[in-house]
Structures are given as C-alpha cells and as structure tokens.
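Residue-level structural notes
Now for the letters of each chain:
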Amino acid sequence: MAHELPPLPYAYDALEPHIDEQTMRLHHDKHHLAYVNGLNTAEAKLAEAREKKDFSLVKHWEREAAFHGAGHFLHTIFWENMTPQGGGSPRGALADAITSRFGSFESFIAQFKAAGTAVEGSGWVLLVKNVMTNTLDILTAEKHQDLSQWVTLPILCCDVWEHAYYLKYQNNRAAYIDGFIQVINWADVERRFAAR
Ligand code: MN3
C-alpha cells in the first residue's frame, strides 16, 4: 500500500500571519510530497530486494526509508499540530503532565523554544511521550532520520528546517517558533498524548 500525501486540514493561508501561505504551499506540496515519493521508492526497492534476495543496497534503501519515512510521518503530525484557532495552553491530563515534568506551562514553553532555537542546522524540536514511563520530554533531532528513541512518540512537532520559516522570518527562528506556538492545536496534542 503506497503512502499518500495527506491534504492539509485547513486552507494554505489559514495560519496567516504566523505561517504564510507561500511557505505552506511549498512546504506541503513540494517538500512533504518529496518525502512521500521517496518513502514509496525506498519501500518498493526494499520489497524488490527481498524478492530477489539481493540485499547489497539494503543500507542505502534503509537510510532512504528512514529519511523519507521520518519526514513523511513527522510532517503529517506537524500539520495536525497546528490550527487557525490555536495557541493558548493545553488542558486536562496533558496540562497536568506538563506541569509535573517541567514545573509550569511557562517553563515548558521556555525550554521548547530554547531547544528548537539551538538545533544545529536543520531539524525538529519535539514534545514526546515516553510510552514506557508515561512521562513527557522535549527532544531535538538534527535532520530527522536520526531520531531513534524507540519508546517515544512525537505528539507536538515543530519543523525548524529553514524552508518552514525563511521566507517570512529569515534567520529569526525564535520569532518563527513564537508564531508556531500561537497556532498550536492543543486539542490535537491532547488527543495524541491520551492515545497509546
Ligand atoms: Mn519540513
């Protein structure tokens, strides 16, 4: 079953002025689509390799599957993590878990922003739930295929690759993260936190 590019859950300009329409069109229609196509190619090549029992290129195609697969799945969460009615703060069990882990919502936001700003080069800052301990952490990934803490699930993903913000924010990634925080769909993050 081939992977498909999921449609955005809102219009391309719905997150203005925080995330601009042109960035959303390029980011979703070009960048994300490239990950979907790359993952499908990698999985087809791996299936072909299994069929032929020729794994001479397995390292290459597994790396491709990691790069494009991580890109596809993290972007899918990233779109749903945002909403035009976003911002504010979470409620319920997620709010309690954030306070328990980070001291306060304000401390969480401060650490999330500091972590995202400090990522070297391209990558992600992620709020993750450890499914073994049921606690939260903020983790960063340089690029994204290197994110390999297997017991965690990304539930809030902020793309800090330059293509996510450069047209509007240039080198001011911190301001972009501020904008992202204004459009977070906390109901979606709460739903992801509650799921196992
Ligand atoms: Mn991206």
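Residues numbered from 1 in each chain as written. Predicted model: local features only at pLDDT ≥ 70, side-chain atom pairs only at ≥ 80, totals over all residues. Heavy atoms only, no water.

**Re the coordination of the manganese ion**
Here the manganese ion is held by the protein donor atoms His27 (NE2), His75 (NE2), Asp159 (OD) and His163 (NE2), which lie 1.9 to 2.2 Å from it. Sequence positions of the residues that donate to the manganese ion give the spacing H-x47-H-x83-D-x3-H. With a gap of 88 residues between them, His75 in helix 2 (residues 58-80) and His163 in the loop between strand 3 (152-159) and helix 5 (166-169) connect regions that are remote in the sequence. (Donors = N, O, S within 2.8 Å, 3.2 Å for Na, K, Ca; no water. Helix = DSSP H or I, 4+ residues; strand = E, 2+ residues; numbered from the N terminus.)

**Some thoughts on unusual backbone geometry**
Omega for the bond connecting Glu16 with Pro17 falls within 30 degrees of zero, at 0 degrees, which places this linkage in the cis form. For Pro17, the location among the structural elements is in the segment before helix 1 (21-52). Of note, Gln170 is a non-glycine position whose phi angle comes to about 50 degrees, a positive value. Turning to its location among the elements, Gln170 is positioned in the loop between helix 5 and helix 6 (173-182). Given the relative accessible area of 39%, Gln170 is considered partly exposed. (Buried < 20%, exposed > 50% of the residue type's maximum accessible area, 1.4 Å probe, protein only.)

**Looking at the pairing of strand 1 (residues 123-130)**
In terms of burial, strand 1 is largely enclosed, as 8 of its 8 residues are buried. Residues Gly123, Val125, Leu127 and Lys129 line one face of strand 1 and the alternating positions Trp124, Leu126, Val128 and Asn130 line the opposite face, and both faces are buried. By the bridge criterion, 8 bridges tie strand 1 to strand 2 (residues 135-142) in an arrangement that is antiparallel. Across the sheet, residue Leu126 finds its bridge partner in strand 2, namely Leu139. Where strand 1 folds back on strand 2, the antiparallel hairpin that results is connected by 4 residues, among which Asn134 adopts a positive phi of roughly 65 degrees. (Pairing = 2+ DSSP bridges.)

**Notes on the nonpolar core**
Counting residues in each nonpolar core, the largest one holds 46 residues, and the members touching the most others are Met82, Phe108, Leu136, Leu156, Tyr176, Phe180 and Trp186. If we ignore the near neighbours within four places in the chain, the residues touching Tyr176 are Ile19, Phe78, Cys158, Asp159, Val160, Ala164, Tyr165 and Tyr169. (Core = buried A, V, L, I, M, F, W, Y, C linked by side-chain atoms within 4.5 Å. Contact = heavy atoms within 4.5 Å.)

**Quick look at the domain arrangement of the protein chain**
For interface size, the figure often reported is the accessible area lost on association. Along its sequence, the protein chain is organised into domain 1 (21-80) and domain 2 (92-195). Inter-centroid distance (C-alpha atoms) of domain 1 to domain 2 is 22 Å. Contact residues are listed per partner, giving 15 residues for domain 1 and 20 residues for domain 2. Summed over both sides, the interface of domain 1 with domain 2 buries roughly 1500 Å², with 67% coming from carbon and sulfur. Across the contact surface, domain 1 and domain 2 share 2 salt bridges. Taking the shortest distance from any N to any O, the salt bridge between Glu80 and Arg191 comes out at 3.6 Å. Linking domain 1 with domain 2 are 6 residue pairs in polar contact (both at pLDDT 80 or more), by the criterion used here. Taken together, the elements giving at least two residues each to the side of domain 1 that touches domain 2 come down to helix 1 and helix 2. Here the side of domain 1 that touches domain 2 gets 9 residues from one element, more than from any other, and that element is helix 2. In the side of domain 1 that touches domain 2, the residues fall into 8 nonpolar, 6 polar and 1 charged. (Domains from an automatic or database assignment. Buried area = accessible area lost by both parts, 1.4 Å probe. Salt bridge = Lys/Arg side-chain N within 4 Å of Asp/Glu carboxyl O. Polar contact = N/O pair within 3.5 Å; in protein donor to acceptor, adjacent residues only side chain to side chain. Nonpolar A, V, L, I, M, F, W, Y, C, P; charged D, E, K, R; others polar.)

**Let's talk about the packing of aromatic side chains**
Throughout the structure, instances matching the rule amount to 13 aromatic pairs. Both rings, one in Tyr35 and one in Phe67, keep their centres 5.5 Å apart while their planes meet at 70 degrees; by these two values the pair is edge-to-face. Taken together, the residues span a long stretch of sequence, with Tyr35 in helix 1 and Phe67 in helix 2 at a distance of 32 residues. The class of Tyr35 is buried, set by a relative accessible area of 6%. (Phe/Tyr/Trp six-rings, centres within 6.5 Å; stacked < 30°, edge-to-face > 60°.)

**A look at the side chain of His68**
One can find His68 in helix 2. Other than its neighbours up to four places away in sequence, His68 contacts Ala34, Tyr35, Gly38 and Leu39.

**Comments concerning helix 7 (residues 186-194)**
Within helix 7, the full set of buried residues consists of Trp186, Asp188, Val189, Arg192 and Phe193. Considered in projection along helix 7, the buried side chains sweep an arc of 155 degrees and stay on one side of the axis. The outward face of helix 7, more than 90 degrees from its buried face, is lined by the exposed residues Ala187 and Ala194. (Arc of directions from axis to C-beta.)

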